[in-house]
Amino acid sequence: ALSTSLDIGLSNWSFLYVTVSLYTMTKSSAILFILLFSLLFKLEEVRVALLLVVLLIAGGLFMFTYKSTQFNAQGFVLVLCASFLGGIRWTLTQILMQKADLGLQNPIDIMFHLQPLMFLGLFPLFAVFEGLPLSISEKLFHFHEAGMLFSLVGKLFLGGILAFGLGFSEFLLVSRTSSLTLSIAGIFKEICILFLATHLLGDRLSLLNWLGFAVCLSGISLHVILKAMNSKGEKALKLHKEASSDPDLELLLRHTEHGE
């Protein structure tokens, strides 16, 4: 809960200093941290193909946003810390959700346990850095126009609903697959963010940026193919074990093989 709250808090805080493109580029390093902690906690095995996927995606995202942003050291450090905490966050979440004896496979269950602790983890930072400015803000507590207040509360409510839906889908994906798969699937979201930044915020992309986009998509495609191949291999192995444990089924399979 602490790593999750600080990941979200530092990520949002960084937007005071960095552009969307720089944030997306730096946040993509979370894949590397997730892979590192997945290997440390023995959630993933070291494979050349897996390292190739991560390098393709990270390198592609870097090329996709190269020289398209204004650099800010303070914001960069905030996003990098959030990426590091994100690696801890999702590997620990995978451990919690995939342990059957804990009974936290349902996304609602884990959100019910995590959200209050996340609030406690972020509240001290909120109180120190934003408590006083918010308490005297004319947009909230010292408002003069009811329309402005309702507009702000409506935006906060809509943002809360979207954040709940995002958290629910992320926890559901981690419970069924892995934290690394979640991070790689999230690349599509980051690509969409970059496209919106180019159209709405006026960011321009060079030929190198588009090449990075192609490299990134190739890494995602490779991961999908590898996942599909591993899934088929696991199913075949499971069927073979079940056949070996059932003498009648094994005898039937042998007869079938001889008949062929």
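Predicted model only: the values in this text are computed from it and were never measured. (Residues numbered from 1 in each chain as written. Predicted model: local features only at pLDDT ≥ 70, side-chain atom pairs only at ≥ 80, totals over all residues. Heavy atoms only, no water.)

A few points about the overall build of the chain
Counting its secondary structure elements, the chain contains 11 helices and zero strands. Each helix (α) and strand (β) of the chain, taken in turn from the N terminus, gives the series α-α-α-α-α-α-α-α-α-α-α. With 260 residues in all, the chain has 34% of them scored as buried. Taking contacts inside the chain between residues at least 6 apart in sequence as the whole, the part at least 24 apart equals 78%. When the accessible area of the chain is evaluated, it comes to approximately 16200 Å², of which 70% is carbon and sulfur surface. (Helix = DSSP H or I, 4+ residues; strand = E, 2+ residues; numbered from the N terminus. Buried < 20%, exposed > 50% of the residue type's maximum accessible area, 1.4 Å probe, protein only. Contact = heavy atoms within 4.5 Å. Areas by Shrake-Rupley, 256 points an atom, 1.4 Å probe, with all protein chains shown as cover.)

Digging into helix α1 (residues 2–14)
Between its first and last C-alpha atoms α1 spans 18 Å; for 13 residues at 1.5 Å apiece the expected length is 18 Å, and the two agree. Taken together, the buried positions of α1 are occupied by S3, T4, S5, D7, G9, L10, S11 and S14. Along its buried surface, α1 packs onto α2 (20–27), α5 (73–97) and α6 (107–129). (Expected span 1.5 Å × (residues − 1).)

A look at the confidence of the model for the chain
In this model, the chain carries an average pLDDT of 76, and 78% of its residues clear a pLDDT of 70 or more. Across the chain, element-level confidence peaks in α1 with a mean pLDDT of 88 and bottoms out in helix α11 (residues 247–259) with 53. (pLDDT = per-residue confidence, 0-100.)

Topic: the packing of helix α3 (residues 30–40) against α5
In contact at an axis separation of 8 Å, α3 and α5 are set at 40 degrees when each is read in the N-to-C sense. With respect to their mutual orientation, α3 and α5 come out oblique. Handedness of the α3/α5 crossing: right-handed. Within the contact between the two elements, α3 uses A30, F33, I34, F37 and S38 and α5 uses L80, S83, F84, G86, G87, I88, W90 and T91. Split by residue class, the contact of α3 with α5 holds eight nonpolar, five polar and no charged. (Axes fitted to C-alpha atoms, helices over the stretch in contact; angles between N-to-C directions. Parallel < 35°, antiparallel > 145°, perpendicular 65-115°, else oblique. Left-handed = near helix turned anticlockwise from the far one by under 90°. Nonpolar A, V, L, I, M, F, W, Y, C, P; charged D, E, K, R; others polar.)

Considering the environment of M63
Along the polypeptide, M63 turns up in helix α4 (residues 48–64). Judged by relative accessible area, which is 21%, M63 ranks as partly exposed. Beyond its immediate chain neighbours, meaning those up to four positions away, M63 contacts L208, N209, L211 and G212.

Here's the deal with the pattern of salt bridges
As enumerated under the stated definition, the model contains two salt bridges in all. The partner of K27 in a salt bridge is D7, with the nearest N and O atoms 2.6 Å apart. On the criterion of sequence distance, the pair formed by K27 in helix α2 and D7 in helix α1 is long-range, its members being 20 residues apart. Of the two residues examined, K27 and D7, each falls in the buried class. Salt-bridge contacts for D7 lead to R89; the nearest nitrogen and oxygen are separated by 2.9 Å. Placement of the pair is D7 in helix α1 and R89 in helix α5, with a sequence separation of 82 residues. A residue is classified by how much of its surface remains accessible, and D7, at 4% relative accessible area, is buried. Ionic contacts of the salt-bridge type, sharing partners, join the residues D7, K27 and R89 into one network. (Salt bridge = Lys/Arg side-chain N within 4 Å of Asp/Glu carboxyl O.)

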